[in-house]
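# Results of the structural survey
Each chain, letter by letter, is given below.
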Amino acid sequence: MAESQTNIQQDSTVDNLIKDLFRTVRLNKGFNIWMGFLSVSLVICLYAYYIQLRDGLGVAGIRDYVSWGIYISNFVFFVATSLVGMLVSGVVGLSGQKWVTPLTRIAEIIAVAFAAVAGLVIVSDMGRPERLVNVFIHGRVQSPILWDVTVVTTYFLISLLLLYITLIPDLAYGKDHLEGRPKLLQKLYDILSLGWKGRKAEVKILKKSTIVMLILIIPVALSIHTVTSWLFAVTLRPGWDSSIFGPYFVSGAFVSGLSCLVIAMYFFRKNYKLEDYITDFHFDKVAKLLVLVSLVYLYFNLNEFLVPGYKMKKFDAVHLRELLAGEHALLFWSVQGLGLIIPIILLLIKPFRKPLPMLIIGIFVLAGSWLKRYIIVVPVQEHPFLPIQHEPSNFMVYSPTLIEILISIAPIIMVLMIISVLAKLFPIIPVWETVVHKGLIKDETEIENNNHI
Amino acid sequence: MEDESKNPKPKSRREFVKNIGLIGLGGIALGSSLYAAKHFEEKKRGQNVKLLTADGKLVEVDLLDVKQLDVDRLTNNQERGRKGIPGKSWVMVVDLSKCRNARKCIDACQSAHHLRPEQYHINTLQMKDTDRTPAYHMPKPCQHCDNPPCVSVCPVDATFKRSDGPVLIDNERCIGCRFCIAACPYSARSFNWFEPKDAEKDKDLVYDVELNVPQKKGTITKCCFSADRLRINQLPYCVSACPNGVYYFGDENEDAITNGTTKETVRLSKLLSDNGAYQLMEELGTKPRVFYLPPKNRLFPFSDNTENEKKS
């Protein structure tokens, strides 16, 4: 807090600060080109999905034995990454760490985008997507899928509410600071701000509801990834049949979510010229947090592989040999090394906690996180209890098809679109909270006066 | 009517319409009653028909008492498919010492259920338990577990456990999530990744849960213990097709079990205890309904029988 404050000139008034943070709310050519590019890519991917709808799920590489492929690993990755909203705003924010303020909105936008799209990812894996409604008509509470649908929807709604509530004061500021922006945007700000005036009573309600949301989001976020891990852990298959899958997945989710946050931080800082707000200090702090969660994840990895590896029970042994020394060994060790162990070591060294090295490390960790989901989902199914015999060769080994890869890219494009649009429509750094935390407004009663300038 | 229309009174039009309406109504009533009477005349008491009830009994009723039930045949099939045959508890016994991998069971099954060659409700696997024990062929249908992992995880109750034993699937309800494939330790389930083999031919068939035909794109298919055959008191397709006497099938409650090839009926409990029967991976707690008799005293050498595979 103290360090970041030095980056701001002390004489900058509240008005200047607000103006500065509203700078990014502007549709420009670059944004239009970017969105155009994303839209065209999305259309191509959706065409691939059309082919899948027309011809059947068989256009993907999945077959009777490996029947969950990259659609499911993508789904797990999406749910995992969305947990960063809870980690940054909930855990870190609630513990009174004020430095995290400029990062909360980025984290919440990531959470909303990934949680919203996760539901679509799972639909792309369904053989009869048009029967989705059966889940509500004939739903059986015994099935973890029902639990997953419930908690992911809840998490999405809470994340959206949290994002919105913390945005209300900023929307009110927007009324005076959106000259030259489209009329429609001004109108949107006006409606969404719900007539916020910054009165003492309003601030009280806002703070209270924010805290309620932050407390609520923690168990819900924990449950979304725990339940997602149970989709695997409730089966009898060696490699999935594990009692630590819940915490193993949750700790892994923090790693993938934080690496996504690092990449987003770097991007927004650079493109939106927010060097004064997202400083080296923030990167340093996030790096330390990433080290912490990575160490926890490493600990769970050790448990997950070392304990069955020590015993080498009949069916576990087949799976572990393939993973650690067999067909998937290269992928497994690359992911563990480049995506987890080396990043931990590097981030312990100070020069690597600067923005650019962090970006590169973040990309490695994020890619590793995606591939780790693949390692968890796919190899287990290649070695069921009973041998795979009298089947065509494409039933024995799984390899994703081009159509399948395109369909898996579609949700990533959608996430980028949601993040881009939200980051364009609203200030990416919480304005009001920054003003309050910087001490430019001392007290709730003073806000009332300042708001009338 | 002519008079009515000439009437110059202002109220006349309403009056006229009213009368026309009355006449019309009367006409319809008369006509329909005549028609009904004629219809009634055609049917006389004493004409009996033989009918098969839903639980498989043959009964005779008077034609006049037969009411056309306005039920959707699909809904009817779906409802019936979920009701077990009362008092029955079906089990299968597979004698591994007799299996020569003729694969006739697979052919019969795949043709009954309109499956593609790579879709197995029953498959024969070459097994070798240890380095020192010889290899043997193991027919592997769905184990119709009494504690079925696939049923537990199904989000929509598409796959279900029936009171008489079989685990069935309603492919009109299945959403194609394949959680059951992930959950099944016996790899007993198959999926319709593309349009099924006989999609065009089966277009007009009404779906039968007990046979799982027609197959549907994007849904699961699995061994039904030939529930449609059990309904009419017949042995399953695979059991009757075996030339080598591998399969026994019967009712646990009666403690009687019939060999599909020799049609010989024996005591189930005696067959199991005399031969050291076991269940496939019973340590998983799935409680299978298929029992295996160990591959002992085989009077023929083990062969790959790859020519049989090519044929099938």
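How each quantity is defined
Residues numbered from 1 in each chain as written. Chains lettered and ligands numbered in written order. Predicted model: local features only at pLDDT ≥ 70, side-chain atom pairs only at ≥ 80, totals over all residues. Heavy atoms only, no water. Helix = DSSP H or I, 4+ residues; strand = E, 2+ residues; numbered from the N terminus. Buried < 20%, exposed > 50% of the residue type's maximum accessible area, 1.4 Å probe, protein only. Contact = heavy atoms within 4.5 Å. Areas by Shrake-Rupley, 256 points an atom, 1.4 Å probe, with all protein chains shown as cover. Rg over C-alpha atoms; globule rule 2.2 N^0.38 Å. Axes fitted to C-alpha atoms, helices over the stretch in contact; angles between N-to-C directions. Left-handed = near helix turned anticlockwise from the far one by under 90°. Nonpolar A, V, L, I, M, F, W, Y, C, P; charged D, E, K, R; others polar. Buried area = accessible area lost by both parts, 1.4 Å probe. Salt bridge = Lys/Arg side-chain N within 4 Å of Asp/Glu carboxyl O. Lys, Arg positive; Asp, Glu negative; His and termini not counted. Polar contact = N/O pair within 3.5 Å; in protein donor to acceptor, adjacent residues only side chain to side chain. Pairing = 2+ DSSP bridges. Domains from an automatic or database assignment. Expected span 1.5 Å × (residues − 1).

### As for the overall build of chain B
Summing up its helical and strand segments, chain B has 10 helices and 13 strands in all. The buried share of chain B, taken over its 312 residues, is 48%. Nonlocal contacts in chain B, meaning residues at least 24 apart in sequence, comprise 58% of its contacts between residues at least 6 apart. On chain B, roughly 16500 Å² of surface is accessible, and the fraction owed to carbon and sulfur atoms is 54%.

### Topic: the overall build of chain A
Per the secondary structure count, chain A includes 19 helices and zero strands. For chain A, the C-alpha radius of gyration of 23 Å lies close to 22 Å, the compact-globule estimate for 453 residues. Reported as C-alpha extents along the three principal axes, the dimensions of chain A are approximately 80 × 50 × 40 Å. Expressed as a percentage of its 453 residues, the buried residues of chain A come to 57%. The contacts in chain A between residues at least 6 apart in sequence include a share of 83% that link residues at least 24 apart. A total of about 19200 Å² of accessible surface is found on chain A, and carbon and sulfur atoms cover 69% of it.

### Section: the packing of helix H11 (residues 245–271) of chain A against helix H15 (residues 355–382) of chain A
Residue and element names in this part refer to chain A. At a minimum axis separation of 8 Å, H11 and H15 run at an interaxial angle of 145 degrees. The two elements H11 and H15 meet at a crossing, and its hand is left-handed. When grouped by side-chain class, the residues that make up the contact of H11 with H15 number 17 nonpolar, five polar and three charged.

### A look at the interface of chain A and chain B
If you look at the interface, chain A gives 43 residues, while chain B gives 49 residues. Summed over both partners, the interface of chain A with chain B comes to about 3800 Å²; 58% of that surface belongs to carbon and sulfur atoms. A per-residue breakdown of the area chain A buries against chain B is headed by Asp64(A), Leu386(A) and His390(A), which together make up 19% of the total. Summed over the shared surface of chain A and chain B, the number is three salt bridges.

### Some remarks on the side chain of Asp208(B)
Residue and element names in this part refer to chain B. For Asp-208, the location among the structural elements is in the loop between strand E8 (189–191) and strand E9 (220–222). Although buried, Asp-208 forms no salt bridge, and the nearest oppositely charged side chain, Arg-80, lies 4.1 Å from it. Here Glu-210 takes part through its backbone nitrogen, which lies 3.0 Å from a polar atom of the side chain of Asp-208. Sequence-distant contacts of Asp-208, defined by excluding residues within four places in its chain, comprise Asn-77, Arg-80, Val-213 and Asp-228.

### Points about the sheet that holds strand E11 (residues 256–259) of chain B
Residues and elements named next belong to chain B. Strand order in this open sheet of five strands is E12-E11-E10-E3-E13, and the pairing throughout is mixed. Taken across any chain shown, the strands that pair with only one partner, and hence form the sheet edges, are strand E12 (265–267) and strand E13 (290–293). Across the sheet, the mean angle separating the axes of adjacent strands is 30 degrees when strand polarity is ignored. Looking at chain direction, strand E3 (residues 90–95) and strand E10 (residues 247–251) are connected through five bridges and run antiparallel. Pairing of Trp-90 across the sheet is with Asp-251, part of E10.

### So, the pattern of salt bridges
Taken as a whole and judged by the stated rule, the model has 29 salt bridges over all chains. Between Lys354(A) and Asp280(A) there is a salt bridge; the shortest N-O distance is 3.8 Å. With Lys354(A) in the loop between helix H14 (329–347) and H15 and Asp280(A) in helix H12 (residues 280–311), the pair connects residues that are 74 residues apart, well separated along the chain. Exposure remark for Asp280(A): the relative accessible area of 31% places this residue in the partly exposed category. Here Arg162(B) ties to Glu210(B) by a salt bridge, and the two come within 2.8 Å at their closest N and O atoms. Of this pair, Arg162(B) sits in the loop between strand E6 (159–161) and strand E7 (167–169) while Glu210(B) is found in the loop between E8 and E9, placing the two residues 48 residues apart along the sequence. Both residues of the pair, Arg162(B) and Glu210(B), count as buried.

### Side note on the domain arrangement of chain B
The domain architecture assigned to chain B consists of domain 1 (2–42) and domain 2 (74–311). Computed from C-alpha coordinates alone, the two centres of domain 1 of chain B and domain 2 of chain B are separated by 67 Å.

### Notes on H15(A)
With 28 residues, H15(A) should reach 40 Å at 1.5 Å per residue; the first-to-last C-alpha distance of 41 Å fits that figure. Most of H15(A) is tucked away: 21 of the 28 residues are buried.

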